[in-house]
Amino acid sequence: MSAAQSTEPSTPDAVERLVEPSRQPRGRRILTTVLRSRELAILIVLLLVIAAATLTTPSFLFSSNSWRDLLLTPSILLLLAAGQAVVVITRNVDLSVGSVLGLTAYLTGRLFIDTGLPVVAVILAGLVVGMLLGLVNGVLVAFGRVPALVITLGTLYIYRGVVLTWAGSDRINADDMPRSFLRLGTASILSIPVLTIIALVVLVGVGYYLYSARGGRELYAIGSDPDAAVLYGLDVRRRVLAAFALSGALAGLAGVLFAARYGTVSSGAGTGIELQAVAAVVIGGVAIFGGSGTVWGAAIGAFLLVTINRALPIVGIPDFWQRAVVGGLIIGAIVLDRVLANRTARKLTEAREDA
Amino acid sequence: MAATASDAPAGTPTLELRDVAKSFGPVVALSSASLSVDAGSIHALVGENGAGKSTLIKIVAGVHRRDSGDFLLDGIHVDFGSTSDSKAAGIAVIYQEPTLFPDLSVTENIFMGRQPLTRGRRVDRAAMHTEATALFSRLGVALDPRRPAQGLSIADQQIIEIAKAISLDARLLIMDEPTAALSGVEVDRLFAVARSLRDEGRALVFISHRFDEVFALCDTVTVMRDGEYVATKPVAETDEDEIVALMVGREVGDLFPKTPATVGEVVLEVEGLDAVGQFHDVSFQVREGEIVGLAGLVGAGRSEIARAVFGVDGYERGTVTMHGRPVPPSNPRAAIAAGMAFIPEDRRKQGLVTDASVARNVAGVIRGGLSRLGILTEGAENRAASPWAQRLAVKTGALDMNAATMSGGNQQKVVIAKWLATNPKLLIIDEPTRGIDVGTKSEVHRLLSELAGQGLAILMISSELPEVLGMADRVLVVCEGRLTADIARDDATPESVMRAATTSLEAQR
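Parameters and conventions
Residues numbered from 1 in each chain as written. Chains lettered and ligands numbered in written order. Predicted model: local features only at pLDDT ≥ 70, side-chain atom pairs only at ≥ 80, totals over all residues. Heavy atoms only, no water. Helix = DSSP H or I, 4+ residues; strand = E, 2+ residues; numbered from the N terminus. Buried < 20%, exposed > 50% of the residue type's maximum accessible area, 1.4 Å probe, protein only. Contact = heavy atoms within 4.5 Å. Areas by Shrake-Rupley, 256 points an atom, 1.4 Å probe, with all protein chains shown as cover. Pairing = 2+ DSSP bridges. Axes fitted to C-alpha atoms, helices over the stretch in contact; angles between N-to-C directions. Patch = residues over 30% accessible without salt bridge, like charges linked within 9 Å, V, L, I, M, F, W, Y side chains within 5 Å. Salt bridge = Lys/Arg side-chain N within 4 Å of Asp/Glu carboxyl O. Parallel < 35°, antiparallel > 145°, perpendicular 65-115°, else oblique. Left-handed = near helix turned anticlockwise from the far one by under 90°. Buried area = accessible area lost by both parts, 1.4 Å probe. Polar contact = N/O pair within 3.5 Å; in protein donor to acceptor, adjacent residues only side chain to side chain. Nonpolar A, V, L, I, M, F, W, Y, C, P; charged D, E, K, R; others polar. Core = buried A, V, L, I, M, F, W, Y, C linked by side-chain atoms within 4.5 Å. 1 Å grid on protein atoms, 1.4 Å probe; cavity = no way out; pocket = protein on both sides within 12 Å on 5 of 7 lines; lining within 4 Å. Points joined across faces, edges and corners; volume = space filled by probe spheres on them. Phe/Tyr/Trp six-rings, centres within 6.5 Å; stacked < 30°, edge-to-face > 60°. Lys, Arg positive; Asp, Glu negative; His and termini not counted.

Which residues make up the overall build of chain B, and what are the values?
Within chain B one finds 19 helices and 20 strands. Per-residue burial over chain B gives 55% buried out of 509 residues. Partitioning the contacts of chain B with sequence separation of at least 6, the portion at a separation of at least 24 is 67%. Total accessible area on chain B stands at roughly 20,200 Å², and carbon and sulfur atoms take up 49% of it.

Written out as structure tokens, the structure reads:
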């Protein structure tokens, strides 16, 4: 302490240096923030992957189908990643989303077969059921004080068990669902697939909430230091509950869209996709211990994950290495996070001690 | 929530607590605490470590609920179930350990949960930054409101807490040792702010161990001891000696029988140990058969020194030697090999595998020597453990009993047994009797005294003054990361130790 404070902390020079970042013009400040952001770094990696694949096989990008696939394939994962990001920001995790997706996807098919409800009502039903399943997670985590990892691992099996029992070896086929619904999964507006548009709308909504609403900011606060959040008088339980409900609702929506996109739903739909969602979030720069990251990063992470899986075979990389690359990406992202966090911490401390 | 808005008749104190009691399980934190704070005044709350000040504050803040007693705000009975209740009532608390969100910006930390909103219900970042900047210029500090809270010094974090409290427009502001980490300039600034808040008619509670500050800043002082109210005095009508006497005010009886032992050669020698932000230039020796007490206030850096000596944490400069041989830094294994044993403060967390059996715990450290072909049998564990358990009179039904189910005193004995099995030359023990009932306490003390008698060198950290005075052959006092006194047993009195522990660096500079 003595070294830091033996020099006067309030000399004009020191003040100047300390407040400097804020004195920068707004435009430049934003530019610096963007240039230094994790999101931009992953976006560049994503563009490189696309470029490499396109150079090897031009049809990866330049054919009407592949352009559609490029946007369409990640859409469902985008929804899951958005919900997952919100949960991870609060220092929790939701492993049950794959099972929720499977359950609501099958439910969608059954509703069309058994009830003949209009398309809008079926979509809403998927959303609501997903939200309820998410609420169960939320209640157990917020009130049971059990780590989310354990709770959602449990519900992952329970929800999947429900689908397995309900569906058995039954399978929903495209014929079971109305045309107008299936078109949702394939149609495009201005050459952008409808599914992608839906995912983008959700992303914008969630991103706006996280950045601009009090509730969104509180989610970051809770993840940054849950004990401090309690001392601040924040309603931690309600927020965590809401985060899980949102994640569930988005998984429910993803389930409905899964049915529309693929046309067939078996009891195994969406198995394992929860790990992709977590991976997308981590690659996208959302700190696994909560408190930082954006839904945009998670979205780009999801995009990267799916695109790499499609690009690697084209570039001629064998299956084993494809998986290894994804694994390396996850570990690399976490290591990068640690290194960057340590460097920032040191810089911030030094900035203060130099003053 | 205006500072002076109150329908209560003139003269009604802003805050009044009467005979408040609070226990945590079997541990009584407060037995009958009282405090009465008037509007437009600064009230000092003083007392030894563990006197119950922090618990009292947490009751006012709505963190804990009192078991019994009266709690009045402006003469009206209140009952807070959460921190948001107390906030709504206009109470702001600045804790000893700042509670900030490291990932969020300084500004967000100030306004979290009550950010100004634009018409579209969006968080108004521009307004927040303007207000934060205004707050900081009022406080006279140069802090970038946009930087994250991560990496800020404790002093800066304190400033943010104060800014938060001011922006809350609190009518009762409680500061739990706000100056502990501040430099002279910063303290002056804080005091100026505190006085201006008082002059606006707010009530302030100021907890501090620095008497010079209490006398410089406060109007009234309330002394607490062992969870009880002792006295309230106008600052103008009392002095330091009287307050120290009221704080310690109890006899150090023969509760702790330290039998004199022949002091042998130097076992541990620490020289010029330095870790930035934790402690500076720490040098001392511990000899065979000697119990050296490391006294000081909570947060003075005692545990940090012990952890560095044992190698749990690193240090930048200095040397640690055992029997003249240097011990490498940051290497607990080497420390154990050199003959050190370390029993940390929180034994549940750091010293004991509470879910494992007593035998396994005792045998834990010497496992390497017990296993045959890498396989550790329960029988070998039990054989190694039983002589120790017997010697320490651990009251467990059997050695395979789970350590978690034992009382604090017996747990402590298991931990001590665990380390004695390594046949150490030096035992570092942090808060040996915290959370232990009085009867078992003296047993732990008897044990330590006996071990010293057999030639073991003991470095004992304790926040309990009577324990230090009763047990230690020599008392080292730590204040703000520096050794401020080395007092021989015969010269050690509550007053001399307390004085050394509260002699702020400012006074020495």
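Describe the sheet that holds strand 19 (residues 474-479) of chain B, and please don't skip the residues or the numbers.
Residue and element names in this part refer to chain B. Taken in spatial order, the six strands of this open sheet run 16-17-18-13-19-20, and their pairing is mixed. Every interior strand has two partners, whereas the edge strands, strand 16 (340-343) and strand 20 (482-488), have only one. With strand direction ignored, the average angle separating the axes of adjacent strands in the sheet is 15°. One ladder, built from five bridges, connects strand 17 (residues 426-430) with strand 18 (residues 457-461); its direction is parallel. Within the sheet, the bridge partner assigned to Ile429 lies in strand 18 and is Met460. Helix 9 (residues 302-310) contacts strand 13 (291-296), strand 16, strand 17, strand 18 and strand 19 of the sheet and is inclined by roughly 145° relative to strand 16.

Residue-level account of the environment of A:Phe303, with values.
Residues and elements named next belong to chain A. Within the fold, Phe303 resides in helix 16 (residues 295-315). Its relative accessible area of 16% is what places Phe303 among the buried residues. Note: C-alpha distance between Phe303 and Leu78 (225 residues apart in sequence) is 7.3 Å. When neighbours within four sequence positions are excluded, Phe303 is seen to be in contact with Leu46, Leu70, Leu71 and Pro74.

Describe a nonpolar patch on the surface, listing the residues and the values that go with them.
Residues and elements named next belong to chain A. On the surface, a cluster of nonpolar side chains totalling about 240 Å² of accessible area is made up of Val128, Met131 and Leu132. Here Val128 lies in helix 8 (residues 119-144). Residue Val128 is classed as partly exposed on the basis of its relative accessible area of 41%.

Give me the lowdown on the packing of helix 7 (residues 97-114) of chain A against helix 9 (residues 148-167) of chain A, citing residues and values where you can.
All names here are of chain A. Packing of helix 7 against helix 9 leaves a shortest axis separation of 8 Å and a crossing angle of 25°. As far as their axial angle goes, helix 9 and helix 7 are roughly parallel. Here helix 7 runs over helix 9; the crossing is left-handed. Counted together, Gly98, Ser99, Val100, Gly102, Leu103, Tyr106, Leu107 and Arg110 of helix 7 and Leu156, Tyr159, Arg160, Val162, Val163, Trp166 and Ala167 of helix 9 form the full contact between these two elements.

Please set out the sheet that holds strand 14 (residues 317-322) of chain B residue by residue, giving values where relevant.
Backbone-to-backbone hydrogen bonds pair the strands of a sheet. The strands run either parallel or antiparallel. Residues and elements named next belong to chain B. The antiparallel open sheet is built from four strands, whose spatial order is 12-11-14-15. This sheet does not close on itself; its edge strands, each paired only once, are strand 12 (279-287) and strand 15 (325-326). Here strand 11 (residues 266-275) pairs with strand 14 via five bridges, running antiparallel. Considered in strand 14, the bridge of Glu271 is made with Thr319. Across the sheet, helix 9 touches strand 11, strand 12 and strand 14, and the angle it forms with strand 12 is around 70°.

An account of the side chain of B:Glu16 is requested, with residue identities and associated values reported.
Mapping B:Glu16 onto the fold places it in strand 1 (residues 15-24). Ignoring any residue separated from it by four or fewer positions in sequence, one finds B:Glu16 in contact with B:Leu35, B:Ser36, B:Asp70, B:Phe71 and B:Leu72.

Would you mind going over helix 15 (residues 273-283) of chain A in detail, with residue names and values included?
The buried fraction of helix 15 of chain A is high, at nine of 11 residues. For helix 15 of chain A, the full list of buried residues reads A:Ile273, A:Glu274, A:Ala277, A:Val278, A:Ala279, A:Ala280, A:Val281, A:Val282 and A:Ile283.

Explain the interface of chain A and chain B residue by residue, including any values.
Contacts between the two partners involve 36 residues from chain A and, on the opposite side, 46 residues from chain B. For the pair chain A and chain B, the summed buried surface comes to about 3,500 Å²; carbon and sulfur atoms form 53% of the total. Where chain A touches chain B, the interface holds one salt bridge. Counting across the chain A and chain B interface gives 10 residue pairs in polar contact (both at pLDDT 80 or more). Broken down by secondary-structure element, the contributors of at least two residues to the side of chain A that touches chain B are helix 1 (2-6), helix 2 (12-23), helix 11 (194-212), helix 12 (214-224), helix 13 (226-231) and helix 17 (319-354) of chain A. Among the elements that line the side of chain A that touches chain B, the one with the most residues is helix 12 of chain A, at six residues. Looking at the side of chain A that touches chain B residue by residue, the classes come out as 18 nonpolar, 11 polar and seven charged.

Residues and numbers for the nonpolar core, please.
Ranked by internal contacts, the top residues of the largest apolar core, which has 164 residues, are A:Phe181, B:Phe101, B:Ile110, B:Phe136 and B:Val475. Broken down by element, the residue count for this core peaks at 14 residues, all from helix 14 (residues 236-262) of chain A. Beyond its immediate stretch of four places on either side in the chain, B:Ile110 contacts B:Ala132, B:Leu135, B:Phe136, B:Ile160, B:Ala163, B:Lys164 and B:Ser167.

Give a description of the packing of helix 5 (residues 64-72) of chain A against helix 16 of chain A that names residues and reports values.
Residues and elements named next belong to chain A. Two numbers describe how helix 5 lies on helix 16: the axes approach to 9 Å, and their chain directions differ by 140°. Relative to helix 16, the element helix 5 lies oblique. Facing helix 5, whose interface residues are Ser66, Asp69, Leu70 and Leu71, helix 16 presents Phe303, Thr307 and Arg310. By residue class, the composition of the contact of helix 5 with helix 16 is three nonpolar, two polar and two charged.

Please give an account of empty space enclosed by the protein that cites residues and values.
Which parts of space are left empty comes out when a probe the size of a water molecule is rolled across the atoms. Applying the stated criterion across every chain, the model contains six cavities of 30 Å³ or more. Each pocket or cavity is described by its volume, and for the largest cavity that value is around 160 Å³. Forming the boundary of the largest cavity are 15 residues, of which A:Leu231, B:Lys87, B:Ala92, B:Val93 and B:Tyr95 lie nearest the centre. Where the lining of the largest cavity is concerned, the elements lending two or more residues are helix 2 (83-88), strand 6 (91-94) and helix 5 (154-167) of chain B. Residue composition of the lining of the largest cavity, by class: nine nonpolar, three polar and three charged.

With reference to specific residues and values, describe the pairing of strand 10 (residues 228-234) of chain B.
Residue and element names in this part refer to chain B. Pairing analysis gives six bridges linking strand 9 (residues 220-225) to strand 10, with the strands arranged antiparallel. Counted as the bridge partner of Met224 is Tyr229 from strand 10. Two successive antiparallel strands, strand 9 and strand 10, enclose a turn made up of two residues, where Asp226 displays a positive phi of approximately 50°.

How would you explain the pattern of salt bridges if you had to name every residue and give the values?
Under the definition given, this model contains 22 salt bridges over all chains. A network of salt bridges, in which partner residues are shared, links A:Arg110, A:Asp114 and A:Asp170.

For unusual backbone geometry, give the residues involved together with the corresponding values.
Despite not being glycine, A:Ser191 shows a phi value in the positive range, around 60°. Structurally, A:Ser191 can be placed in the loop between strand 1 (188-189) and strand 2 (192-193). Positive phi values are uncommon outside glycine, yet B:Arg121 reaches one of about 65°. Its place among the elements puts B:Arg121 in the loop between helix 3 (106-111) and helix 4 (125-139). Taking the relative accessible area as the measure of exposure, B:Arg121 reaches 61% and is therefore exposed.

Any chance you could break down the packing of aromatic side chains for me, citing the residues and the numbers?
In total, this model carries eight aromatic pairs over all chains according to the counting rule given. Taking 4.8 Å as the distance between ring centres and 55° as the angle between the ring planes, the aromatic pair formed by A:Phe112 and A:Phe181 counts as tilted. With A:Phe112 in helix 7 and A:Phe181 in helix 10 (residues 179-186), this residue pair connects regions lying 69 residues apart in the sequence. By relative accessible area, A:Phe112 is classed as buried at 9%. Owing to a relative accessible area of 0%, A:Phe181 belongs among the buried residues under this scheme. Their ring planes at 80° and their centres at 5.9 Å tell us that B:Phe191 and B:Phe206 sit as a pair that is edge-to-face. Here B:Phe191 is found in helix 6 (residues 184-199), whereas its partner B:Phe206 is found in strand 8 (residues 203-207), with 15 residues between them in sequence.

For the side chain of A:Arg160, give the residues involved together with the corresponding values.
Residues and elements named next belong to chain A. Examined against the element boundaries, Arg160 turns out to sit in helix 9. For Arg160, which is buried and forms no salt bridge, the nearest opposite charge comes from Glu274, at a distance of 5.4 Å. Those residues within four positions of Arg160 in sequence are excluded, and the remaining contacts are Gly98, Ser99, Gly102, Thr155, Ser267, Gly268, Ala269, Gly270 and Thr271.

Everything listed here is a matter of geometry and, on its own, says nothing about what the molecule does.
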